[in-house]
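# Commentary on secondary and tertiary structure
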Amino acid sequence: MSSYRFVILNQKDNVATALDYIPARSVIKITRQNREYNVAIKQNIEFGHKFAIMPIKKGEDILKYGEVIGVASSDIAEGEHVHVHNVEGKRGRGDKEHGNRSVLGV
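What follows covers the overall build of the chain. Along the chain, the regular secondary structure elements total 0 helices and 11 strands. Each helix and strand of the chain, ordered N terminal to C terminal, gives the series β-β-β-β-β-β-β-β-β-β-β. Within the chain, the proportion of its 106 residues that are buried is 34%. Only carbon and sulfur atoms are counted for the fraction: they give 48% of the accessible area of the chain, which is about 6700 Å².

Here you go:
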């Protein structure tokens, strides 16, 4: 088992943030909510990037800091890189229309 550094900021979180580059196929030991388990990393995870520490279904909230930081735009497997390709923000971007008016109300 590899000993790469990562941080889980809140016990509610479903993602961890890499404090080291973590290569694909590494196995990380997670301790969360009094449970210890191993997570196999699916893709290379760059420093500062997130990976799922549990399966996250499409439409479920992504939790970091114990807060919602986005929503899964596709199913995310445990150990998978969590980034813009599979997460969408919940805040208006200003470029999406809602009915006949934009998020900015214009």
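What follows covers the side chain of His-81. Looking at where His-81 falls in the secondary structure, it is placed in strand 8 (residues 81-82). Here the side chain of His-81 touches His-49 through a polar contact of 2.9 Å, side chain to side chain. The contact partners of His-81, leaving out residues within four places of it in the chain, are Gln-43, Ile-45, His-49, Lys-50, Phe-51 and Asn-86.

Further remarks concern a nonpolar patch on the surface. Taken together, the side chains of Leu-9, Tyr-65 and Ile-69 make up a nonpolar region of the molecular surface, amounting to roughly 280 Å² of accessible area. For Ile-69, a relative accessible area of 33% puts it in the partly exposed group.

Moving on to the environment of Thr-31. Position of Thr-31 relative to the elements: it lies in strand 3 (residues 27-32). Remark: the alpha-carbon pair of Thr-31 and Ile-53, spanning 22 residues in sequence, is separated by 10.0 Å. The residues touching Thr-31, leaving out its near neighbours within four places in the chain, are Gln-11 and Glu-36.

This part covers the sheet that holds strand 5 (residues 50-52). The strand order across the open sheet formed by 4 strands is 1-2-5-8, and the pairing between neighbours is antiparallel. Because the sheet does not close on itself, it has two edges, and the strands there are strand 1 (6-7) and strand 8. Where strand 2 (residues 15-18) meets strand 5, 3 bridges bridge the pair, whose relative direction is antiparallel. Each residue of the ladder has a partner; that of Val-15, found in strand 5, is Ala-52.

Below, the discussion takes up unusual backbone geometry. Even without glycine at this site, Arg-25 takes up a positive phi of about 75°. The phi torsion at Tyr-65 lies on the positive side, around 65°, for a residue other than glycine. Within the element layout of this structure, Tyr-65 appears in the loop between strand 6 (61-64) and strand 7 (67-72). For Tyr-65, a relative accessible area of 48% corresponds to the partly exposed category.

Taken in spatial order, the 3 strands make up an open sheet running 6-7-9, and their pairing is antiparallel. With one partner strand each, in any of the chains shown, strand 6 and strand 9 (87-88) form the two edges of the open sheet. As paired strands, strand 7 and strand 9 are joined by 2 bridges and run antiparallel to one another. Along strand 9, the bridge assignment pairs Val-71 with Glu-88.

About the criteria used
- Residues numbered from 1 in each chain as written.
- Predicted model: local features only at pLDDT ≥ 70, side-chain atom pairs only at ≥ 80, totals over all residues.
- Heavy atoms only, no water.
- Helix = DSSP H or I, 4+ residues; strand = E, 2+ residues; numbered from the N terminus.
- Buried < 20%, exposed > 50% of the residue type's maximum accessible area, 1.4 Å probe, protein only.
- Areas by Shrake-Rupley, 256 points an atom, 1.4 Å probe, with all protein chains shown as cover.
- Polar contact = N/O pair within 3.5 Å; in protein donor to acceptor, adjacent residues only side chain to side chain.
- Contact = heavy atoms within 4.5 Å.
- Patch = residues over 30% accessible without salt bridge, like charges linked within 9 Å, V, L, I, M, F, W, Y side chains within 5 Å.
- Salt bridge = Lys/Arg side-chain N within 4 Å of Asp/Glu carboxyl O.
- Pairing = 2+ DSSP bridges.

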